[in-house]
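Understanding the architecture of this molecule
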Amino acid sequence: MQPDFDFTDTPVSTGTTIMAVEFDGGVVIGADSRTSSGAYVANRVTDKLTRITDKVYCCRSGSAADTQAIADIVAYSLNYHENQTNKDALVFEAASEFRNYCYSYRESLLAGIIVAGWDEQRGGQVYSIPLGGMLTRESCTIGGSGSSFIYGFVREHYRPNMALEDCVTFVKKAVQHAIYHDGSSGGVVRIGIITKDGIERRIFYNTESGASAVSSTPSFFSSE
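Rules and cut-offs
- Per chain, residue numbering runs from 1 following the sequence as it is written.
- With the structure being a predicted model, the display of local features is reserved for residues of pLDDT at least 70 and the display and counting of side-chain atom pairs for 80 or more, all residues being used for whole-chain, interface and lining totals.
- Excluded from the side-chain calculation are hydrogens and water; included are all heavy atoms of the structure.
- Here a cavity is any set of points on a 1 Å grid over the protein atoms alone where a 1.4 Å probe fits but cannot get out, and a pocket is any open set with protein on both sides within 12 Å along at least 5 of 7 lines; a residue lines the site when it has an atom within 4 Å of a point.
- Grid points are joined across faces, edges and corners, and a volume is the space filled by probe spheres set on the points.
- Each helix corresponds to a stretch of at least 4 residues labelled H or I by DSSP, and each strand to a stretch of at least 2 residues labelled E; elements are numbered beginning at the N terminus.
- Here the nonpolar group is Ala, Val, Leu, Ile, Met, Phe, Trp, Tyr, Cys and Pro; Asp, Glu, Lys and Arg are the charged ones; every other residue, Gly included, is treated as polar.
- Axis definition: a line fit to C-alpha positions, over the contact stretch in the case of helices; interaxial angles, taken between N-to-C directions, run 0 to 180 degrees.
- In what follows, roughly perpendicular refers to angles from 65 to 115 degrees, roughly parallel to angles under 35, roughly antiparallel to angles over 145, and oblique to any angle outside these ranges.
- By the definition used in this description, the sense in which the near helix is turned from the far one sets the handedness, with an anticlockwise turn below a right angle giving left-handed and a clockwise turn giving right-handed.
- The contact criterion used throughout is that any non-hydrogen atoms of two residues lie within 4.5 Å.
- Any two of the Phe, Tyr and Trp rings considered here, Trp counted by its six-membered ring, make a pair once their centres fall within 6.5 Å; the pair's planes then place it as stacked at under 30 degrees, edge-to-face at over 60, or tilted in between.
- Remark: exposure states derive from per-residue accessible area (1.4 Å probe, protein chains only) relative to the maximum for the residue type, with buried under 20%, exposed over 50%, and partly exposed in between.
- Working rule: Lys NZ or Arg CZ, within 6 Å of ring centre, within 35 degrees of ring normal, means a charge sits over the ring.
- By definition, a salt bridge exists where a carboxyl oxygen of Asp or Glu is found within 4 Å of a side-chain nitrogen of Lys or Arg.
- Side-chain atoms within 4.5 Å are what join buried Ala, Val, Leu, Ile, Met, Phe, Trp, Tyr and Cys residues into a set we call a nonpolar core.

The computed volume of the largest pocket comes to approximately 280 Å³. Surrounding the largest pocket, 23 residues form its lining, Ser 61, Gly 112, Pro 130, Gly 143 and Gly 144 being those nearest its centre. Ranked by the residues each element gives to the lining of the largest pocket, the list is headed by strand S8 (residues 111-119), at 4 residues. Arg 51, Thr 53, Asp 54, Glu 82 and Asp 88 are the residues nearest the centre of the second largest pocket, which is lined by 13 residues in total. When residues in the lining of the second largest pocket are grouped by element, the largest group, 4 residues, is from helix H1 (residues 64-85). Looking at the lining of the second largest pocket residue by residue, the class counts come to 6 nonpolar, 2 polar and 5 charged.

With that settled, consider the packing of H1 against helix H2 (residues 91-104). The contact between H1 and H2 brings their axes to 10 Å, and the two run at 135°. Considering their axes alone, H1 and H2 lie oblique with respect to each other. Judged by the sense of rotation from one axis to the other, the crossing of H1 with H2 is right-handed. Counting all contacts with H1, which are made through Ile 70, Ala 71, Ile 73, Val 74, Ser 77, Leu 78 and His 81, the residues of H2 involved are Glu 93, Ala 94, Glu 97, Phe 98, Tyr 101 and Cys 102. Split into classes, the residues belonging to the contact of H1 with H2 amount to 9 nonpolar, 2 polar and 2 charged.

Within this structure, the stated rule accounts for 3 aromatic pairs. Summarising the aromatic geometry, the rings of Tyr 158 and Phe 170 are spaced 6.1 Å apart at their centres and angled 45° between planes, so their arrangement reads as tilted. Of this pair, Tyr 158 sits in the loop between helix H3 (151-157) and helix H4 (164-181) while Phe 170 sits in helix H4, placing them 12 residues apart in sequence. A single burial state applies to Tyr 158 and to Phe 170, both of which are buried. Site record: aromatic cluster; members linked through ring pairs are Phe 153, Tyr 158 and Phe 170. The ring of Tyr 103 has Arg 106 lying over it, and the distance from NZ or CZ to the ring centre is 4.1 Å.

Inspection of every chain in the model, using the stated rule, returns 8 salt bridges. Arg 137 serves as the salt-bridge partner of Glu 22, at 3.1 Å between the closest nitrogen and oxygen. Of this pair, Glu 22 sits in strand S2 (residues 18-23) while Arg 137 sits in strand S10 (residues 136-137); the two residues are 115 residues apart in sequence, bridging distant segments of the chain. Each of Glu 165, Glu 200 and Arg 202 takes part in salt bridges that share partners, so that together they form one network.

A separate point is the nonpolar core. Membership of the largest hydrophobic core comes to 23 residues, with the highest contact counts inside it found for Met 19, Val 21, Val 28, Val 154, Phe 170, Val 171 and Ile 191. If you list the elements that add at least two residues to this core, you get S2, strand S11 (140-143), H3, H4 and strand S12 (189-195). Looking at this core element by element, the count peaks at 8 residues for H4. Discounting chain neighbours no more than four positions away, the residues touching Val 28 are Met 19, Ala 20, Val 21, Phe 23, Leu 164, Cys 167, Val 168, Val 171, Ile 191, Gly 192 and Ile 193.

We now examine the environment of Val 45. Among the structural elements, Val 45 can be located in the loop between strand S5 (40-43) and strand S6 (49-53). On the basis of relative accessible area, Val 45 is assigned to the partly exposed category, the value being 22%.

Below is the structure:
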């Protein structure tokens, strides 16, 4: 007998929680790691913090295929631009590239993107590109299915110009709250700290002891 539910026919979605916050000297980005296909968890250790350049990353929510395709295209475009000009790409240039694709193909794409990074002109910057292709700069932004559960938490606890470690703790707690309440968010909390020196990656496990792993380079798993 053919089962009523077949996860292979369900689009793979990064039903997710993503966020980014500016601080003096850079940005902190964070996301959960669950990728789902309907009620089926397709991947519990997905890395939704995607490299665009050495100092520009994006956080992806929506269709996994759509967001990864756009990220690959923008990364290729900016890499070509950097090779031709011998200059690092600006964060706003990356965000504008994402905006162009998300807006031009808004009828066929399901993609909510946060672009964050550091450049010499404007320092740490966070740009939000929600469904439809609008582009706004925000000092703190959240996205994905889990974001609806933490608007109150973010509004209550966000402070402008937070210190680095305070900012990391704020992002970690916000994503953990979303994981607890949102059935489409789960796994570990991945955090990236982007400054003029590049990115530092951290992983926080959702255990009672609050154990965490720290890695200075992008990785699916901790170095421990």
